[in-house]
Structures are given as C-alpha cells and as structure tokens.
Amino acid sequence: MAAAKTTPITRLLAGHAGPVAVIGLALLVLWYVGAVWLNADLQIDAFARAGTDWGFSDLVAGTWAQERPLLPAPHQVLAEMWKTIVETGVTSKRSLVFHGWVTLSSTLLGFAAGTLLGILLAVGIVHVRVLEKSLMPWIIASQTIPILAVAPMVIVVLGAIGLKGLIPKAVISTYLCFFPVAIGMVKGLRAPDLLQLDLMRTYSASARQTFFYLRWPTALPFLFAGLKVAISISLVGAIIAELPTGAQAGLGARLLAGSYYGQTIQIWSALVTAALMAALLVALMGGIERQVARLMGARP
C-alpha cells in the first residue's frame, strides 16, 4: 500500500507547535476584531468632535491606535511591553522586569512552602488514618473560600504582628498552591497496587524502604502534575495578594496603577507579562520533570 502523501501543512499540524500556532493565530485575529468592535463608538465620537470625514479603514486604524482604548490592540500591548521591558532600566519603577521580579520572588517562596506543606500533608494522610479522616475534609473545605476574601484578612493579621512585604504575599501563594500538590501526592502515594505492596512485605521491607523504593517513585508523575498547576496558581496568588495592600511594586501594583488612571494598555501589558511568566514557570517545571524521569531511567 502506497504511503499517504504529506504536505507541509499536515506535517506542521502533526507536531506540537503547529496546533498551538493555529490557535494562537485565531486568538490574535479575534483580538484585533474585538478591538475594532469595542473601540468603534469611542473612535466615531472622536471623529465627530474633530469634524473629520472617515471610512471603514479610518475607523479600523483609529480603533487600533487609541491612547486609552477599551480593548487595546495586540501591537499596542507589545509596544508597551517592549518599552517597559527592554527600553526601561530594570531598576526603574516603570520597568515590568522590576515589577515582575517582585511578584516572582513571592511566587517562588510561596510555591516552595506550599510544595513542602502539600507533600508533608500527603505523607501524613496516607500513613496515618486518623489524619485522613480529620485533615482531608478541612483541606478540601479550605479551597471553597474565595481568595479575594481571605487575602485582606491574612495581610491585616500578619501586618499586625510585624510581617509585611514579601511574607504575606508568599503566605497567600502557599494557601493556594499546597492543595494540588497534596491531592496529587495522596493519589500518587496510593498508586502502588496490592501485589507490589505484598512483594515489598515478602522482601521484609520496612515502611521507610517501601516509601522510598515504591511509593515515592510511583508518586513522582502525580507530584509533577500537581506542581505544574501549583506554580501557576502561586503566581496568581502573589498578584492577588498585591491588590488589597496598595503595593508599590509587583505586577498587581502595576494592574492597580493602570486601573486608577485608566491606562488599559498598561493593564494588558501586565496581564500578558504575567501569562508569559506562568507559561515559562510551567515549562521549567516540565523540563525538571523530564530530567528527573531521565535520571530514574524512564524511556524518552
């Protein structure tokens, strides 16, 4: 049977980059269309005030070049990001690198604490039945409380005892990100079947040996799945924690400043920067997962 002919398009769509690029292009087109639709009324009013005759092409060009649009066009956001990331010094309060590092520092601290807390809780729940019955319902219930309601209270309480700046934001990140780690690890530590556990008992393996030679390696894929979710949620938590404090630095502070002064382009540039940071953090976690799997002898 003759092999099916492949075209450049089919080869592109067969990989990982092709479908992502197609979806990205579609979203970009929708973004531009949305910018014309949402900004059209403002631009028509501007033409009317100026007494300018206009056509459809003038309307489209105008909606993509407004100083304070309802929805900025993608190239406006990219221009703002280039200005605040590349052309502005990293120590400047106008630099997104400066604000991104402030948010990233609390994100990583909260992620580290949340990961450690999640693993410890999972180990306790799996090995101590009393903890499973007492802790698991509270762990699940903790995630039903809106973070926007919790964040101001946590920040006020910690501020009253002298903990300000990085620590309160890291606590909020920890609160959000420990849950997927704990749930994933509980599932992973319980993944070995009865035959595998019986085999370890046949070898007279201790509880510690069973944990490190069977349960822990089995749980690693579940752990990394939780870590990928946790690292992105940790970033969200850090940004949310910056909002009720009136912070002077961080991506949350950048969002607040943009909303106060109606700078929608500034708001969107901070949002896109946060999204790119989250994507890079998740990609980094995926790279660490592949490296760990390679060191453990897993096939690529």
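Residues numbered from 1 in each chain as written. Predicted model: local features only at pLDDT ≥ 70, side-chain atom pairs only at ≥ 80, totals over all residues. Heavy atoms only, no water.

1. Some details on the environment of glycine 100
Line of reasoning, step 1. Mapped onto the elements, glycine 100 comes out in helix H5 (residues 96–127).
Line of reasoning, step 2. By relative accessible area, which is 7% here, glycine 100 ends up buried.
Line of reasoning, step 3. Separated by 154 residues in sequence, glycine 100 and arginine 254 have C-alpha atoms that sit 9.6 Å apart.
Line of reasoning, step 4. If sequence neighbours within four positions are ignored, glycine 100 has contacts with Leu251 and Met277. (Helix = DSSP H or I, 4+ residues; strand = E, 2+ residues; numbered from the N terminus. Buried < 20%, exposed > 50% of the residue type's maximum accessible area, 1.4 Å probe, protein only. Contact = heavy atoms within 4.5 Å.)

2. Here we look at a nonpolar patch on the surface
Line of reasoning, step 1. A surface patch of nonpolar side chains, amounting to about 460 Å² of accessible area, comprises Leu109, Ile161, Leu163, Leu166, Ile167 and Val171.
Line of reasoning, step 2. Residue placement: leucine 109 occurs in helix H5.
Line of reasoning, step 3. Leucine 109 sits in the partly exposed class, given a relative accessible area of 37%. (Patch = residues over 30% accessible without salt bridge, like charges linked within 9 Å, V, L, I, M, F, W, Y side chains within 5 Å. Areas by Shrake-Rupley, 256 points an atom, 1.4 Å probe, with all protein chains shown as cover. Salt bridge = Lys/Arg side-chain N within 4 Å of Asp/Glu carboxyl O.)

3. A closer look at the nonpolar core
Line of reasoning, step 1. Counting residues in hydrophobic clusters, the biggest one holds 37 residues, and the most contacted among them are Val181, Met185, Leu189, Leu223 and Leu227.
Line of reasoning, step 2. Secondary structure elements with two or more residues in this core: helix H4 (74–85), H5, helix H6 (129–142), helix H8 (166–189), helix H10 (207–242), helix H11 (251–260) and helix H12 (264–295).
Line of reasoning, step 3. Ranked by the residues each element gives to this core, the list is headed by H10, at ten residues.
Line of reasoning, step 4. Those residues in contact with leucine 227, other than ones at most four positions away along the chain, are Phe111, Thr115, Val181 and Met285. (Core = buried A, V, L, I, M, F, W, Y, C linked by side-chain atoms within 4.5 Å.)

4. Re the packing of H8 against H10
Line of reasoning, step 1. Interhelical geometry of H8 versus H10 gives an angle of 155° and a closest axis separation of 6 Å. One element, H8, and the other, H10, form an angle in the roughly antiparallel class. Two packed elements cross with a definite hand, and for H8 against H10 that hand is right-handed. (Axes fitted to C-alpha atoms, helices over the stretch in contact; angles between N-to-C directions. Parallel < 35°, antiparallel > 145°, perpendicular 65-115°, else oblique. Left-handed = near helix turned anticlockwise from the far one by under 90°.)

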